[in-house]
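Per-entry structural report
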Amino acid sequence: MESGLTPVMRQYRAAKDAHPDALLFFRLGDFYELFYDDAIIAARELQLTLTSRDKTKSVPMCGVPYHAAGGYLQRLLRKGYRVALCEQMEDPKTAKTIVRREVTRVLTPGTAVDAALEASQSQWLASVAAAGKDATASVGVAAIDLSTGEFRATEFAGGTAWALALDELARMRPAEVLFARGSGFGATTQSVRQGVLSPAQDDTTVMSGPPVGEDGAPELSGARTEVEEWAFTEEYAIPLLRQQLKVHSLDGMGMAGHVAAGVAAGAIVHYLRATKQGALEHLDALRYYERSDCLELDAVSVRNLELVEPLFSSEGPQTTLFWTLDACCTPMGKRTLRAQLLRPMQSLTDIDARLDAVGLAAADLRRREGVRRAMDGVLDLERLLGRVAMETAGPREVVSLGATLARLPGLRSAVAEFASGRWDELAKSFDTLDDLQEMIARTLVDEPPVALSDGGAIREGIDAELDDLRGLSSSGRQRIAAIEERERERTGIASLKVRFNSVFGYYLEVTKANAKAVPADYERKQTLVNAERFTTSELKELETKILTAQERSGEIERRIFADLRRQLLTQAARVRETSRQIAEIDLLGNFAHLAALRGWVRPSVDASGVLEFIGARHPVVERRLEEQGAGRFVPNSLSLCASEDGSEGPSLLLITGPNMGGKSTYLRQAALLTIMAQCGCFVPAERMRLGLVDRIYTRIGASDNVARGRSTFMVEMTETAAILNTATARSLILLDEMGRGTATYDGLSLAWATVEHLHDTVGARTLFATHYHELTLLAERLLRLKNVRVTVKESAGGIVFLHTVEAGAANKSYGIEVARLAGLPQAVIERAREVLKVHERAESQQVREAVPDAAKVQMTMFTPLSQKIVDRIEAVDVDGLTPREALALLAELQRELKGGGA
Ligand code: ADP
Ligand code: MG
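As the structure is a computational prediction, the values presented were derived from the model and not from experiment.

So, on to the overall build of the chain. Helix and strand counts for the chain stand at 29 helices and 27 strands. Sorting the 902 residues of the chain into buried and exposed places 50% on the buried side. Within the chain, counting contacts between residues at least 6 apart in sequence, those at least 24 apart form 68% of the total. Carbon and sulfur atoms make up 53% of the accessible area of the chain, which totals about 41200 Å².

Below you can see the structure in the form of structure tokens.
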């Protein structure tokens, strides 16, 4: 078969063999063609027509036009495919035999950078690596956003290392994750945990497992890519990383002692080189980060709280906190806001500094608007730089980079107007990159062509030879025009034209009808249906001159542009720093804008164990109600304190009340306000006081989660285990309808024991919403537990949810009342009341048994057995009883009680 291949197909075969795991886009003229299985896949995924290259139809084929390839490529990448681009490396016109072709780049989900990227979102290519053995074992996670050059790494140690690493990945939501071949990561998490790093035996913090999805695998988004395992070795990856970052030691980047993080980062560099992702000059810094630097939010909470993405994909982004808080002016600001929400601060000094700056700007409309207006027209500096580095930026993009730089002095003066605090620091350290702006403005014309090859991007006066050549080719074109004029006169053919095309160069075109009038010195070049094309020695000479001049000036333009690019890239670190500062300015301005616009207040954040707010609202729900004209959000208050002795208030709130009463909203609101405050954002409340929180845990019980279609109870218990094992006294814990996924008594018992443990052992600020009314009895014994309920009002037209939260336990039979109002038949309602009574007696007795201090007498009174005796006593006509009968009855009742049977 191989011998039967045409030379082009042999070329194809070689390229495909080198990239078996990618769809090969093979450039043939104006098309990218796909063959064999690639063609079948692409035809299916892109709805292209499958054709065949040969008559026997043995080679399936399909193609996309070269100029329209972008959209198709994006669609394939989004579906998780990899694509190798095999380009023509020489001009088909000049190629002597078959055109040389080479794979110039492999596009993968995590490396494909294009203009269509969501501006507010980072695109992560992540990598996970294990290093060390037993006691020193650790798991590193590294990630890069190629579109901006942001590169970072972290590391986890101990028995929970894998779980934490997976959680970090899940939170990051990378487009692609790299892992070492043979580590089993791609297949199941189980093998990763057991095969690569087994939890240390004596580690008491060992978690029961990583966050799991329906099939036991971690819920990781994005493609997973296996990479040669040697790329994940310390000996290879670390030196490679040092070389890329041009440093002798990684210690300066905070990487000292973090081998696993270094290996993960080095493996990313290896992968970028192996897939030929451009020059990578902007990739010159790596940042080591610790999760403990910030308020930790695990992946489950990030999802449950809808911080950046809606819980249900069918819902729009309006349900997210990010959407509600985003009035940023620049893409850098939006990305920073998003990142900030996922990693709120945990340093009082930083939080206060930001709140100060926000307060200052919130109170000063003129200066605030000055800053925000100065950001008008500031484009995505980081990504433009990224495109310059990846050589995907054309002259227009560099000019728009220059235009953005030109706005920076104005932005700095606007910021300097505040003249104090963080604003002042920002103004003073702000690098407006004037030299780079000048360099671009000096080199490129104001409105260059899209492609450099179109010519004319470089300004006059930059290069003397270029100016000469341009003069030459433009005078050449004038001479051509003159020739046309002259020849028309000479031949008397008024329709004679001088034309140019890329195959035949310049020619004189004469219609067939006029062919007889052509002079003898014309040399025939080509015959068309209606016309003849000629050349002359004069035209040929001129053509050579023009074309050489154009070719040469193209060369010079390319050289100058490449120089410019290189010079810009030597300053990449400065550009990135400025970009980071713009992002911060934007973020501060954004928070100030929201505070002023919505009347939000400054939270007071301190080191206490307090979480307290008064007149507070859920920012997302409030805004949604407003926009739908669906009424006002009912403000509510909360007071929790996790101080050692509990003297200042309860640490655990048990929230009961009917369905739809507002329990879940109340819980989420507490978490969102905490996150906002620790991001340095003002909050929708009359007043808020917050003692720093180290972690937030949010779990939503099975029934609220049913729509997600998971094996819910196991998931819920795994998540609860994680909380009980890792929460600290500084944490904020939200448990919503725990234990619903199993039998009533199972669920109740688990919820009961969990509340006790949280109260007695963990001591964290906790909000526990439950439908287990029985739990409210715990308040009798647990001093720092307080019962609150969401209130409702019955009215003629039905039930009104008041959405206020007040002290006390909810009325248990409320469900039946709701059912009555809903119109259930009276007989059913009555019967339900009877059944409920029986159950209540039984339940209340059992529950009280679990409370050791509760009155013993009362307990036995309400067993179902005693109830019968009680009923008999009740039925006795005491006045009609003789003393003897009374004695006999007493003896009988006692016998029954002792005998245990009626
Ligand atoms: P529960 O968890 O008690 O079943 P939810 O928290 O899910 O109740 O709230 C039910 C509905 O009531 C939601 O649509 C929510 O938007 C609305 N809601 C909740 N709290 C308030 C409030 N304080 N003011 C106005 N509407 C509210
Ligand atoms: Mg609820």
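Having put the structure on the table, let's press on.
To continue, consider the sheet that holds strand 17 (residues 531-535). Strands sit in the order 14-15-17-16 across an open sheet of four strands; the sheet is antiparallel. Looking at the sheet topology across the chains shown, the edges are occupied by strand 14 (497-501) and strand 16 (523-527). Strand-to-strand, the axes of this sheet are offset by a mean angle of 40°, without reference to chain direction. Here five bridges tie strand 14 to strand 15 (residues 505-511), and the two strands are oriented antiparallel to one another. Among the inter-strand pairings, Lys 497 is bridged to a residue of strand 15, identified as Glu 509. Packing against the sheet, helix 18 (residues 464-491) makes contact with strand 14 and strand 15, and its axis sits at approximately 140° to strand 14. Sheet strands in contact with helix 19 (residues 537-570) are strand 14, strand 15, strand 16 and strand 17, and its direction is about 140° off that of strand 15.

What follows is about helix 17 (residues 434-443). All of the buried residues in helix 17 are Leu 436, Met 439, Ile 440 and Thr 443. In a view along the axis of helix 17, the buried residues occupy a sector of 95°, so they form one face of it. Those residues of helix 17 that are buried are in contact with helix 14 (395-406), helix 19 and helix 20 (572-598).

Attention shifts here to unusual backbone geometry. Positive phi outside glycine occurs at Lys 246, with the angle close to 55°. Note on placement: Lys 246 falls in the loop between helix 6 (234-245) and helix 7 (259-274). The exposure class of Lys 246 is exposed, given its relative accessible area of 66%. One non-glycine residue with positive phi stands out, namely Ala 419, at about 55°. Relative to the assigned elements, Ala 419 resides in the loop between helix 15 (408-416) and helix 16 (421-429).

With that settled, consider the pattern of salt bridges. The full count for this structure, using the stated rule, is 54 salt bridges. Two residues, Glu 487 and Arg 490, come together in a salt bridge whose shortest N-O distance is 3.0 Å. Of this pair, Glu 487 and Arg 490 both sit in helix 18, three residues apart, which is roughly one turn of the helix. Each member of the salt-bridge network shares a partner with another, and the members are Arg 422, Glu 425, Glu 577, Arg 580 and Glu 584.

Okay, helix 3 (residues 69-78) next. The α-helix winds at 3.6 residues per turn, so residues separated by three or four positions along the chain end up facing the same way. Considered for burial, the residues of helix 3 that qualify are Ala 69, Leu 73, Gln 74, Leu 76 and Leu 77. Along the axis of helix 3, the buried residues cluster in a sector spanning 165°; they form a single face. In the core, the buried residues of helix 3 are packed alongside strand 1 (23-28), strand 2 (31-35), helix 2 (36-46), strand 4 (60-65), strand 5 (83-88) and strand 6 (101-107). After helix 3 finishes, the residue Gly 80 shows a positive phi value of roughly 95°.

Turning next to the pairing of strand 24 (residues 732-736). Of all five residues in strand 24, five are buried; the element is thus mostly enclosed. Pairing of strand 23 (residues 695-700) with strand 24, which is carried by five bridges, proceeds in the parallel orientation. Within strand 24, the position partnered with Ile 700 by the bridge is Asp 736.

Our next topic: the environment of Arg 490. Its relative accessible area of 45% is what places Arg 490 among the partly exposed residues. C-alpha of Arg 490 to C-alpha of Pro 519: the two residues are 29 residues apart in sequence and 8.9 Å apart in space. Among the polar contacts listed, one links the side chain of Arg 490 to the side chain of Glu 487, at a separation of 3.0 Å. Polar side-chain contacts of Arg 490 include one of 3.1 Å to the side chain of Asp 521.

Mapped onto the elements, Tyr 506 comes out in strand 15. Taking the C-alpha atoms as reference points, Tyr 506 and Leu 542, separated by 36 residues in sequence, lie 8.9 Å from one another. For Tyr 506, the residues in contact, after removing those within four places along its chain, are Arg 477, Ile 480, Val 498, Arg 499, Phe 500, Lys 525, Thr 535, Leu 539, Glu 543 and Ile 546.

Taken in spatial order, the four strands line up as 18-22-19-20 in an open sheet, and their pairing is mixed. Two strands in the sheet have a free side with no partner beyond their single neighbour: strand 18 (604-606) and strand 20 (636-641). Between one strand and the next, the sheet's axes are offset by a mean angle of 10°, whatever the strand orientation. Here strand 19 (residues 610-616) pairs with strand 20 via five bridges, running antiparallel. In the sheet register, Phe 613 faces strand 20, and the bridge partner there is Leu 638.

Of all residues in the chain, 88% have pLDDT values of 70 or greater, and the mean over the chain is 84. Across residues 854-863, where pLDDT falls below 50, the model places 14 contacts with residues more than four positions away in sequence or in other chains.

Let us now look at the site of ligand 1. Around ligand 1, the surrounding shell holds 16 residues, and the nearest of these are Val 634, Met 660, Lys 663, Ser 664 and Thr 665. Contact between ligand 1 and Ser 664: an oxygen atom at 2.7 Å from a side-chain N or O atom of the residue. Summarising the interface, the protein chains cover 82% of the accessible area of ligand 1, which totals 560 Å² for the free molecule. Broken down by secondary-structure element, the contributors of at least two residues to the shell around ligand 1 are helix 21 (619-628) and helix 22 (663-678).

A separate point is the side chain of Gln 669. Topologically, Gln 669 is positioned in helix 22. Here Ala 616 takes part through its backbone oxygen, which lies 3.4 Å from a polar atom of the side chain of Gln 669. Setting aside residues up to four positions removed in sequence, Gln 669 forms contacts with Phe 613, Ala 616, Arg 617, His 618, Phe 633 and Asn 636.

What follows is about the packing of aromatic side chains. A complete count under the given rule lists 10 aromatic pairs for this structure. Taking the centre distance of 5.4 Å and the plane angle of 85° together, the rings of Tyr 12 and Phe 26 count as edge-to-face. Remark: Phe 26 occurs in strand 1 and Tyr 12 occurs in helix 1 (residues 7-18); sequence separation between them is 14 residues. A relative accessible area of 1% places Tyr 12 in the buried class. On the basis of relative accessibility, which here comes to 0%, the residue Phe 26 falls in the buried class. In this structure an aromatic cluster arises from ring pairing among Tyr 12, Phe 26, Phe 35 and Tyr 36. When the ring centre of Tyr 32 is taken as origin, the NZ or CZ atom of Arg 27, which lies over that ring, is 6.0 Å away. Residue placement shows Arg 338 over the ring face of Phe 322; its charged tip is 4.6 Å from the ring centre.

For Glu 90, the location among the structural elements is in the loop between strand 5 and strand 6. Each C-alpha atom, one on Glu 90 and one on Arg 100, is 6.2 Å from the other, the two residues being 10 residues apart in sequence. Ignoring any residue separated from it by four or fewer positions in sequence, one finds Glu 90 in contact with Ala 95, Ile 98, Val 99 and Arg 100. Here Arg 100 takes part through its backbone nitrogen, which lies 2.9 Å from a polar atom of the side chain of Glu 90.

Residue placement: Arg 617 occurs in the loop between strand 19 and helix 21. Among the polar contacts made by the side chain of Arg 617, one reaches the side chain of Glu 622 at a distance of 3.0 Å. Setting aside anything within four residues of it in sequence, one finds Arg 617 in contact with Arg 598, Trp 600, Glu 622, Phe 633, Pro 635, Gln 669, Leu 673, Pro 684 and Ala 685.

With that settled, the discussion passes to the pairing of strand 4. Across five bridges, strand 2 lies against strand 4 in antiparallel orientation. Bridge pairing in strand 4 links Phe 35 to Met 61. Direction of pairing for strand 3 (residues 51-52) relative to strand 4: antiparallel, over a ladder of two bridges. Bridge assignment links Ser 52 to a residue of strand 4, and that residue is Pro 60.

Rules behind the numbers
Residues numbered from 1 in each chain as written. Chains lettered and ligands numbered in written order. Predicted model: local features only at pLDDT ≥ 70, side-chain atom pairs only at ≥ 80, totals over all residues. Heavy atoms only, no water. Helix = DSSP H or I, 4+ residues; strand = E, 2+ residues; numbered from the N terminus. Buried < 20%, exposed > 50% of the residue type's maximum accessible area, 1.4 Å probe, protein only. Contact = heavy atoms within 4.5 Å. Areas by Shrake-Rupley, 256 points an atom, 1.4 Å probe, with all protein chains shown as cover. Pairing = 2+ DSSP bridges. Axes fitted to C-alpha atoms, helices over the stretch in contact; angles between N-to-C directions. Arc of directions from axis to C-beta. Salt bridge = Lys/Arg side-chain N within 4 Å of Asp/Glu carboxyl O. Polar contact = N/O pair within 3.5 Å; in protein donor to acceptor, adjacent residues only side chain to side chain. pLDDT = per-residue confidence, 0-100. Near = heavy atom within 4 Å. Phe/Tyr/Trp six-rings, centres within 6.5 Å; stacked < 30°, edge-to-face > 60°. Lys NZ or Arg CZ within 6 Å of the ring centre and 35° of its normal.

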